[in-house]
Amino acid sequence: MEPALIALIVVVLLAVVVLAKSVTIVPQAQAKVVERLGRYSRTLSPGLALLVPFVDRVRATIDLREQVISFPPQPVITADNLQVGIDTVVYFQVTDPRLAVYGIANYITGMEQLTTTTLRNVVGGLNLEGALTGRDGINSQLRSVLDGTTGPWGLRVARVEIKAIDPPPSIQDSMEKQMRADRDKRAVILTAEGQRQSAITTAEGQKAAAILSAEGKKQAAILDAEAERQSRILRAEGERAALFLQAQGQAKSIETVFQAIHDGKPDSGLLAYQYLQTLPKIAQGDANKMWIVPSEFSKALEGLSRLGGSDGEGARNWMDVDGAPRAAADGTPPAAPAQSLDTSGWFDSNLPPAAEQPEAKISLSSIGVEPSLPSTASPRPSLAQATEEARSTPQLGSGETPEQQP
């Protein structure tokens, strides 16, 4: 190979190397720290950048995005001498690439150690319960300490989170028992409260039901009393009217019997007949073991025979039913026949209707019922009017037909 060709190849290779050393590309969200002859020169931003070959070099490439670092569990002793393991997560971002490169040798390691020491200082002043329930306070204190310390390193701590706090197994068992007891306690309290509310509601319902039942019984008793009062008043009115009518009937009956006896001029024969009718009633007693015929029995029979007409043909016989009076044996003219009785007013009590009685007019406003009086549109005929109509109707004789009546 000729020396000229070799020299050309060497020149080309040297040009390529020089070009590669002179041009660099910085990706987005990254920065490169450039040193010139061992000293810091500048920080390259994203894009195409030119370097002086063999003079400038890239010391480090820094990621400018927010980064997340999870540190392994760190043993921490609380104020009540319990050792717990705490996992932490730190969110940070590089704000100054030059300080991140020259301010600390390894900012990741420095941040981890700083987090561990700060966590022990913070949690060491708290007991286990305070550490478990005060995570927000611990996070705020860690972030404040880390952000203030890593500022000269060109870092910004966004937030610090405690991922887990792991107490010893024995403590976990005790905590579970305590939690279970507390939950059982709350369950018992809630159950008792529910039973209390249920009992109160049931009692209120029973009270309302008893009140309504008592009101209903009261109204029913009032209605029954009103109905019984009205019924007794009407029944008393009916009994009074019946007794009055019965007394009127007995009075008319006695008056009629007395008038008939007075008109018939009774003698000893009639009295004997009445005596014979009374004798069977005397013997009807259960205590009567024997019956003695009185001595007057023969005289009563003689009077009865005379009543039958044994003393003469002209004597008046009380057994005659033809109604024609006869002359007496001594020639005395027969008595005039008794006048016919007027029975038109026998059954008139002359009493107002029961509904118009003062004691029957009761107030039914409490039950919403208005007393109704009997309708007077079509009055019914009284018993006296019916009797008068029956008497005025012509009677049929034996063997007669309606066509033979005059």
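This structure is a prediction, so every number in the text was calculated from the model and none was measured.

A. Region of the structure containing the overall build of the chain. Each helix and strand counted, the chain has 9 helices and 8 strands in total. Expressed as a percentage of its 406 residues, the buried residues of the chain come to 20%. For the chain, restricting intrachain contacts to residue pairs at least 6 apart in sequence, the fraction spanning at least 24 positions comes to 63%. Total accessible area on the chain stands at roughly 28,400 Å², and carbon and sulfur atoms take up 58% of it.

B. Representation of helix 6 (residues 169–264). Between its first and last C-alpha atoms helix 6 spans 136 Å; for 96 residues at 1.5 Å apiece the expected length is 142 Å, and the two agree. Residues Ile171, Ile233, Glu237, Ala241 and Gln248 constitute the buried set of helix 6. Where helix 6 is buried, its residues meet helix 4 (128–133).

C. Expanded view of the nonpolar core. Counting residues in each nonpolar core, the largest one holds 33 residues, and the members touching the most others are Ile86, Val90, Tyr107, Leu119, Val123, Ile138 and Leu155. Looking at this core, the elements that each hand over two or more residues are strand 5 (56–63), strand 6 (67–77), strand 7 (83–94), helix 2 (97–102), helix 3 (107–124), helix 4, helix 5 (135–149) and strand 8 (155–166). With 6 residues, helix 3 is the single largest residue contributor to this core. If we skip the residues at most four places from it in the chain, Ile138 touches Leu119, Val122, Val123, Leu126, Ala131 and Ile162.

D. Highlighting the pattern of salt bridges. Applying the stated criterion across every chain yields a total of 10 salt bridges. Here Arg59 makes a salt bridge to Glu35, at a shortest N to O gap of 2.7 Å. Remark: Glu35 occurs in strand 2 (residues 30–36) and Arg59 occurs in strand 5; sequence separation between them is 24 residues. Judged by relative accessible area, which is 2%, Glu35 ranks as buried. Between Arg36 and Asp56 there is a salt bridge, with its nearest N and O atoms 2.5 Å apart. Taken together, the residues Arg36 in strand 2 and Asp56 in strand 5 connect sequence positions 20 residues apart. Classification of Asp56 by relative accessible area gives buried; the value is 8%. Connected through shared salt-bridge partners, Glu35, Arg57 and Arg59 make up one network.

E. Summary view of the packing of aromatic side chains. Under the criterion given, the structure shown has 2 aromatic pairs. Judged by centre distance (6.0 Å) and plane angle (70°), the ring pair of Phe92 and Tyr107 falls under edge-to-face. Linking Phe92 in strand 7 with Tyr107 in helix 3, this pair joins segments that are 15 residues apart in sequence. Its relative accessible area of 0% is what places Phe92 among the buried residues. Judged by relative accessible area, which is 14%, Tyr107 ranks as buried. The lysine or arginine in question, Arg98, covers the ring of Tyr40, its NZ or CZ lying 5.6 Å from the ring centre.

F. Inspection of unusual backbone geometry at higher detail. Phi at Leu37 takes a positive value of approximately 55°, unusual for a residue other than glycine. Of note, Leu37 is situated in the loop between strand 2 and strand 3 (39–44). By relative accessible area, which is 68% here, Leu37 ends up exposed. Residues other than glycine seldom take positive phi values, yet Phe54 does so here, at roughly 65°. Within the secondary structure, Phe54 is located in the loop between strand 4 (47–50) and strand 5. Judged by relative accessible area, which is 59%, Phe54 ranks as exposed.

The rules behind each value
- Residues numbered from 1 in each chain as written.
- Predicted model: local features only at pLDDT ≥ 70, side-chain atom pairs only at ≥ 80, totals over all residues.
- Heavy atoms only, no water.
- Helix = DSSP H or I, 4+ residues; strand = E, 2+ residues; numbered from the N terminus.
- Buried < 20%, exposed > 50% of the residue type's maximum accessible area, 1.4 Å probe, protein only.
- Contact = heavy atoms within 4.5 Å.
- Areas by Shrake-Rupley, 256 points an atom, 1.4 Å probe, with all protein chains shown as cover.
- Expected span 1.5 Å × (residues − 1).
- Core = buried A, V, L, I, M, F, W, Y, C linked by side-chain atoms within 4.5 Å.
- Salt bridge = Lys/Arg side-chain N within 4 Å of Asp/Glu carboxyl O.
- Phe/Tyr/Trp six-rings, centres within 6.5 Å; stacked < 30°, edge-to-face > 60°.
- Lys NZ or Arg CZ within 6 Å of the ring centre and 35° of its normal.

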